[in-house]
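Secondary and tertiary structure notes
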Amino acid sequence: EDQVTQSPEALRLQEGESSSLNCSYTVSVLRGLFWYRQDPGKGPEFLFTLYSAGEEKEKERLKATLTKKESFLHITAPKPEDSATYLCAVWEDSNYQLIWGAGTKLIIKP
Amino acid sequence: EPEVTQTPSHQVTQMGQEVILRCVPISNHLYFYWYRQILGQKVEFLVSFYNNEISEKSEIFDDQFSVERPDGSNFTLKIRSTKLEDSAMYFCATTSTGAFNYGYTFGSGTRLTVV
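In what follows, the accompanying structure is described.

Parameters and conventions
- Residues numbered from 1 in each chain as written.
- Chains lettered and ligands numbered in written order.
- Predicted model: local features only at pLDDT ≥ 70, side-chain atom pairs only at ≥ 80, totals over all residues.
- Heavy atoms only, no water.
- Helix = DSSP H or I, 4+ residues; strand = E, 2+ residues; numbered from the N terminus.
- Rg over C-alpha atoms; globule rule 2.2 N^0.38 Å.
- Contact = heavy atoms within 4.5 Å.
- Areas by Shrake-Rupley, 256 points an atom, 1.4 Å probe, with all protein chains shown as cover.
- Lys, Arg positive; Asp, Glu negative; His and termini not counted.
- Charge placed at Lys NZ, Arg CZ, Asp CG, Glu CD.
- Buried area = accessible area lost by both parts, 1.4 Å probe.
- Salt bridge = Lys/Arg side-chain N within 4 Å of Asp/Glu carboxyl O.
- Polar contact = N/O pair within 3.5 Å; in protein donor to acceptor, adjacent residues only side chain to side chain.
- Nonpolar A, V, L, I, M, F, W, Y, C, P; charged D, E, K, R; others polar.
- Core = buried A, V, L, I, M, F, W, Y, C linked by side-chain atoms within 4.5 Å.
- Buried < 20%, exposed > 50% of the residue type's maximum accessible area, 1.4 Å probe, protein only.
- Phe/Tyr/Trp six-rings, centres within 6.5 Å; stacked < 30°, edge-to-face > 60°.

**Thoughts on the overall build of chain A**
Each helix and strand in chain A was counted, giving zero helices and 11 strands. N-terminal to C-terminal, the α/β element order of chain A is β-β-β-β-β-β-β-β-β-β-β. For 110 residues, the compact-globule estimate of 2.2 N^0.38 gives 13 Å, and chain A sits close to it at 13 Å. Expressed as lengths along the three principal axes of its C-alpha atoms, the size of chain A is roughly 45 × 30 × 20 Å. When contacts within chain A are restricted to residue pairs at least 6 apart in sequence, those whose partners lie at least 24 apart make up 53%. Accessible surface for chain A amounts to roughly 5500 Å². Of this, 47% is attributable to carbon and sulfur atoms. The distance from the centre of the 13 positive side-chain charges to the centre of the 16 negative ones in chain A is 3 Å.

Shown next as structure tokens:
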């Protein structure tokens, strides 16, 4: 069964303290792995799509990387406004839909 | 920046009542989706809609659910007879043909509470 697992469930960091979030996946064929940010009471906001192992994408303080089994979202020198839940999702071919992870709730303290 | 607009933001309904959730997609987007997120749980796919018909639907999307574009702009999700377990945030999402490169644009959601 296709699965997406994110860890940790929650992460508290001090402002400026860099860290990484993990998304591990099992799908028969990876077409695309997505990272989204979700603020409380809001819909997910698109960040990146990664397609193949070795690929990296960056946006401001965020960098997403991909291997054959997992993706990492690296956060460099985070600020309080980076606090949100970060969601990972994988495109599943047989039903043409996204399979979502449960998310990592990131809290950045000033 | 273009937005997906959802109304109402919060709806409380009695069990067994019908509800209609509304979404105004981004004007040049062609693909429309409904997702739901039960409090504290994962986002779940309900249905995708393209060219005025359902493309795919999940096991959750049973006969109690329906979607339509009644006037060519609004995209609606109807739940015919609500159950307590239908309580969730319902998100509309839309995309152009570049779903993989540009992702889905989600609305802010409708919080449905069934009592």
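**Some points on the interface of chain A and chain B**
Listed as interface residues are 22 residues of chain A and, on the opposing side, 17 residues of chain B. Summed over both sides, the interface between chain A and chain B buries roughly 1700 Å², with carbon and sulfur atoms accounting for 59% of that surface. Our enumeration of links across chain A and chain B arrives at zero salt bridges. In this assembly, chain A and chain B are joined by four residue pairs in polar contact (both at pLDDT 80 or more). Of all the secondary structure elements, the ones that give two or more residues to the side of chain A that touches chain B are strand 4 (33-38), strand 5 (45-50), strand 9 (84-92) and strand 10 (97-100) of chain A. When grouped by side-chain class, the residues that make up the side of chain A that touches chain B number 12 nonpolar, eight polar and two charged.

**Observations regarding the nonpolar core**
All names here are of chain A. In this structure, L33, W35, L73 and Y86 are the most contacted members of the largest nonpolar core, which totals 23 residues. Breaking this core down by element, the ones donating at least two residues are strand 2 (10-14), strand 3 (19-26), strand 4, strand 5, strand 7 (62-66), strand 8 (70-75), strand 9 and strand 11 (104-109). At four residues, strand 9 tops the list of elements feeding residues into this core.

**Focus on the packing of aromatic side chains**
Applying the stated criterion to the full structure yields 18 aromatic pairs over all chains. With a centroid separation of 4.4 Å and 10 degrees between ring planes, the pair formed by Y31 of chain B and Y50 of chain B is classed as stacked. Of the two residues, Y31 of chain B is situated in strand 4 (residues 31-37) and Y50 of chain B in strand 5 (residues 43-50); the sequence distance between them amounts to 19 residues. Taken together through their ring pairs, the aromatic side chains of F34, Y36, F46 and W100 of chain A together with Y33, Y35, F45, F91, Y104 and F106 of chain B make up a single cluster.

**Some remarks on the side chain of S71 of chain A**
Residues and elements named next belong to chain A. Here S71 lies in strand 8. Under the relative-accessibility criterion, S71 is labelled buried at 0%. Looking at S71, its side chain comes within polar contact range of the main-chain oxygen of T65, at 2.6 Å. Apart from the residues within four sequence positions on either side, S71 is in contact with L21, N22, C23, L33, W35, L50, T65 and L66.

**Some words on the environment of G72 of chain B**
As for its placement among the helices and strands, G72 of chain B is situated in the loop between strand 7 (65-68) and strand 8 (75-79). In the structure, G72 of chain B is positioned 18 residues away from I54 of chain B in sequence and 15 Å away in space, judged by C-alpha atoms.

As far as function goes, none of this settles anything; it's purely spatial.
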